Amino acid sequence: MRWFEQQLDRSKKIKKLLTIADEFAYTLIDPPYFINYDAFRAEQPTMDSLRWIKLADPKGQVNVLRPDLTTSVMQKLKWRKSDGPLKVCYNASTFTQSFQGFNDAKEFGYEYFNAPLKSGETTLRNTLDRVIDGLSLDAVIECSHRGLLTVLTDIADISEDEQPVFRDLLNQKAWGDLTQWLTGRKTKAPVQSFIETVSNYQGDLSGFTDLLNASEYAPMFKSIIEELLAFDSQTSNAVVIDGSMVDGWMYYVGLTFNVYDASVPEAIIRGGRYQVSNSDIEAIGFSVQLDALKGGQS
Amino acid sequence: MKLTVALPKGRLGQTAWEYLFSPWAFPFDERKLSVENESVRVLWVKPIDVIAYVKMGAADIGITGLDSLQETGSNLYQLQRLPFGHCKLVTARLKSDTPTPLEKLKVATKYPNLANNYYQSISQAIDIIPLQGSVELAPVIGLADVIVDIVETGSTLKANGLQVDSEIMESQAMLVANHARYRFHQKAIQALIKTRSNAYAKTD
């Protein structure tokens, strides 16, 4: 596809995305009032987010925030309290394991409430797949697990000081440099070989699972394998495991995934398992990268 | 799907071409800015623009210098260091110039970000004079106190009466890839890396 054709394709996708947003959620929310806030990317409102929210909430009365609000976001929003209590949707775009908790938010005077989707139960399948299908994405989902980095770091006894270098080499897929670096720090040959094999793995889940299961470190990978298998069973789209993928927001605590489309130069959807701040609640969520879809680079 | 490769025009590009394609692809001719055969399309662009082409997905992979990558801070996959394009980023001043501590140095460079980082690390205040070429001229005519630039042999510095003060970094050619494009062309890219690395090892 030529570049200008890609641009056209992207603008069509944006239109579809906004249609999905309109159809998708938030319609059952009892709107208290509206706050302009970027629910998807930055901690400041952007034109994209405002447009999205306007479509999601045509009456312009409510803003839906993701439940992974950081304390700093809550504090920034606190000034609106003079207008009345802020209600925050906790279940419209994410997939919580438990609906209990969120007590931390109460300290800031926020009230969380559930907003089930029109289409029924909120699951990864009916949301991630819905967005991918709705956008007609020529999608490849790449995924990895944050625990992988922890395990490889433990196996190779990589110190805290060395971790940024290790992470960078993996993220950049600089395998030659990684080999050189591991050799330079005298990583034991079998460990080095295992790290190189895992980080160079780019393939389907079964091959990756076999690779981890076959290793002498298999018990350490048990929970990783389980979560990757669960993810694979939750989406009908093809999943590619990328053993070098350790980037993304550091708040992810387990599974992480990116969705790519052939016409867009960076990931359109980014997501993963995260822990809701100041609580034990974990959820899998994702965000649609409107900037990427528009062709802008972050 | 055809693999699109952005190559830098000039000396680095010719070496990159020879490394990647010679002798089996198609004849080298960088005057034609886009050439292709059944499996590969090559775009000849300005060296600094290779990064933009790859970043925006107009090319799947590209060859550029590590110095340019670090200057732009681009988030691309840095798949492989290539065995050519070796050079150093240095600071240089006139030979006749006696270094004296200055409150603020005037630094002429094509690498404002790397220069800033370097002088910040040694706690030296600077004013950047951004130039696109002939940087060596700046100290000669008094436009700058020092320059930050790439040197290969040092002959241009020498010809203009300059000498190296300190080395900031070593650079070499890098094979870079766009994140999304890599995902779609993973097999072709990895096959290319393997084939060319093996071919190079045999001829080396």
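Residues numbered from 1 in each chain as written. Chains lettered and ligands numbered in written order. Predicted model: local features only at pLDDT ≥ 70, side-chain atom pairs only at ≥ 80, totals over all residues. Heavy atoms only, no water.

## So, helix H9 (residues 189–199) of chain A
Structural remark: α-helix, 3.6 residues per turn; residues separated by three or four positions point the same way.
All names here are of chain A.
Right, so step 1: Regarding H9, the residues found buried are Val191, Gln192, Phe194, Ile195, Val198 and Ser199. Projected down its long axis, H9 shows its buried positions confined to an angular sector of 165°, all on one face. Structural note: H9 exposes Ala189 and Pro190 on the side pointing more than 90 degrees away from its buried face.
Right, so step 2: On its buried side, H9 packs onto helix H6 (146–155), helix H7 (163–171), helix H8 (175–184), strand S5 (202–203) and helix H10 (205–214). (Buried < 20%, exposed > 50% of the residue type's maximum accessible area, 1.4 Å probe, protein only. Helix = DSSP H or I, 4+ residues; strand = E, 2+ residues; numbered from the N terminus. Arc of directions from axis to C-beta. Contact = heavy atoms within 4.5 Å.)

## Overview of the interface of chain A and chain B
Size of an interface, as often reported, equals the accessible area lost when the parts are brought together.
Right, so step 1: The interface of chain A with chain B comprises 26 residues on the first partner and 20 residues on the second.
Right, so step 2: Together chain A and chain B conceal approximately 1900 Å² of surface at their shared face, both sides included; 48% is due to carbon and sulfur atoms.
Right, so step 3: For the chain A face of the interface with chain B, the top three residues by lost area are Gln172, Lys173 and Pro265 of chain A, together amounting to 24%.
Right, so step 4: For the pair chain A and chain B, the number of links is three salt bridges.
Right, so step 5: Counting every contact that joins chain A to chain B gives eight residue pairs in polar contact (both at pLDDT 80 or more).
Right, so step 6: Of all the elements in the fold, those that place two or more residues in the side of chain A that touches chain B are helix H1 (3–24), strand S4 (139–145), H8, strand S6 (239–242) and strand S7 (252–261) of chain A.
Right, so step 7: Here the side of chain A that touches chain B takes three residues from H1 of chain A, the largest share from any one element.
Right, so step 8: Looking at the side of chain A that touches chain B residue by residue, the classes come out as nine nonpolar, eight polar and nine charged. (Buried area = accessible area lost by both parts, 1.4 Å probe. Salt bridge = Lys/Arg side-chain N within 4 Å of Asp/Glu carboxyl O. Polar contact = N/O pair within 3.5 Å; in protein donor to acceptor, adjacent residues only side chain to side chain. Nonpolar A, V, L, I, M, F, W, Y, C, P; charged D, E, K, R; others polar.)

## Regarding the sheet that holds strand S8 (residues 125–130) of chain B
Residue and element names in this part refer to chain B.
Right, so step 1: An order of S8-S7-S9-S6-S10 is seen for the five strands of this open sheet, with the pairing classed as mixed. Edge strands, defined here as strands with exactly one partner in the open sheet, are S8 and strand S10 (162–171). Pairs of neighbouring strands in the sheet enclose a mean axial angle of 30°, with direction left out of account.
Right, so step 2: Bridge count between strand S6 (residues 87–94) and S10: eight bridges; the pairing is antiparallel. Across the sheet, residue lysine 88 finds its bridge partner in S10, namely glutamate 170.
Right, so step 3: Across the sheet, helix H4 (residues 112–121) touches S6, strand S7 (104–109), S8, strand S9 (146–151) and S10, and the angle it forms with S8 is around 170°. (Pairing = 2+ DSSP bridges. Axes fitted to C-alpha atoms, helices over the stretch in contact; angles between N-to-C directions.)

## Examining the packing of H6 of chain A against H7 of chain A
Residues and elements named next belong to chain A.
Right, so step 1: The N-to-C vectors of H6 and H7 enclose an angle of 125°; their axes lie 12 Å apart at closest approach. Classified by the angle between their axes, H6 and H7 sit oblique to one another. When you trace H6 past H7, the crossing you get is right-handed. Side by side, H6 and H7 meet where Leu149, Leu152 and Thr153 of the first sit next to Gln163, Phe166, Arg167 and Leu170 of the second.
Right, so step 2: Split into classes, the residues belonging to the contact of H6 with H7 amount to four nonpolar, two polar and one charged. (Parallel < 35°, antiparallel > 145°, perpendicular 65-115°, else oblique. Left-handed = near helix turned anticlockwise from the far one by under 90°.)

## Digging into the confidence of the model for chain A
Residues and elements named next belong to chain A.
Right, so step 1: Per-residue confidence for chain A gives a mean pLDDT of 67, with 50% of residues at or over 70.
Right, so step 2: This stretch, residues 22–105, has a pLDDT under 50; its non-local contacts, to residues over four places away or in other chains, come to 186 contacts.
Right, so step 3: Within the model, pLDDT remains below 50 along residues 113–123, and this stretch shows 30 contacts once partners closer than five positions in the same chain are excluded. (pLDDT = per-residue confidence, 0-100.)

## With respect to the pattern of salt bridges
Right, so step 1: One pass over the structure, following the stated rule, counts 13 salt bridges over all chains.
Right, so step 2: Here lysine 104 of chain B ties to aspartate 127 of chain B by a salt bridge, and the two come within 3.5 Å at their closest N and O atoms. Here lysine 104 of chain B is found in strand S7, whereas its partner aspartate 127 of chain B is found in strand S8, with 23 residues between them in sequence.
Right, so step 3: Connected through shared salt-bridge partners, Glu142, Lys173 and Asp242 of chain A together with Arg183 of chain B make up one network.

## Observations regarding the packing of aromatic side chains
All names here are of chain A.
Right, so step 1: Using the criterion set out here, one finds ten aromatic pairs over all chains in the structure.
Right, so step 2: Pairing phenylalanine 166 with tryptophan 181 gives two aromatic rings, centres 5.8 Å apart and planes at 20°, and the pair type is stacked. Of this pair, phenylalanine 166 sits in helix H7 while tryptophan 181 sits in helix H8, and the two are 15 residues apart along the sequence.
Right, so step 3: The exposure class of phenylalanine 166 is buried, given its relative accessible area of 0%. (Phe/Tyr/Trp six-rings, centres within 6.5 Å; stacked < 30°, edge-to-face > 60°.)

## Thoughts on the nonpolar core
Right, so step 1: Ranked by internal contacts, the top residues of the largest apolar core, which has 78 residues, are Phe221 and Ile269 of chain A together with Leu7 of chain B.
Right, so step 2: Setting aside its immediate chain neighbours within four residues, phenylalanine 221 of chain A contacts Leu148, Val151, Leu152, Ile155, Phe194, Leu212 and Ser215 of chain A.
Right, so step 3: Val50, Val54, Ala59 and Leu69 of chain B belong to the second-largest nonpolar core, a separate cluster that totals 24 residues. (Core = buried A, V, L, I, M, F, W, Y, C linked by side-chain atoms within 4.5 Å.)

## Brief notes about the sheet that holds strand S11 (residues 173–177) of chain B
Sheet strands pair by backbone hydrogen bonding; their relative direction is either parallel or antiparallel.
Residue and element names in this part refer to chain B.
Right, so step 1: Ordered in space as S2-S3-S1-S4-S11-S5, the six strands form an open sheet in which the pairing is mixed. Edge positions in the sheet fall to strand S2 (34–36) and strand S5 (77–81), since each of these pairs with one other strand and no more. Between one strand and the next, the sheet's axes are offset by a mean angle of 25°, whatever the strand orientation.
Right, so step 2: As paired strands, S2 and strand S3 (residues 40–45) are joined by three bridges and run antiparallel to one another.

## Looking at the packing of H9 of chain A against H10 of chain A
Residues and elements named next belong to chain A.
Right, so step 1: Where H9 contacts H10, the two axes come as close as 11 Å, and the packing angle between them is 165°. Comparing the axis directions of H9 and H10 gives the class roughly antiparallel. Crossing angle aside, the handedness with which H9 passes H10 is left-handed. Between H9 and H10, the residues in contact are Phe194, Thr197 and Val198 and Phe208, Leu211 and Leu212, respectively.
Right, so step 2: Its residues placed into classes, the contact of H9 with H10 shows five nonpolar, one polar and no charged.

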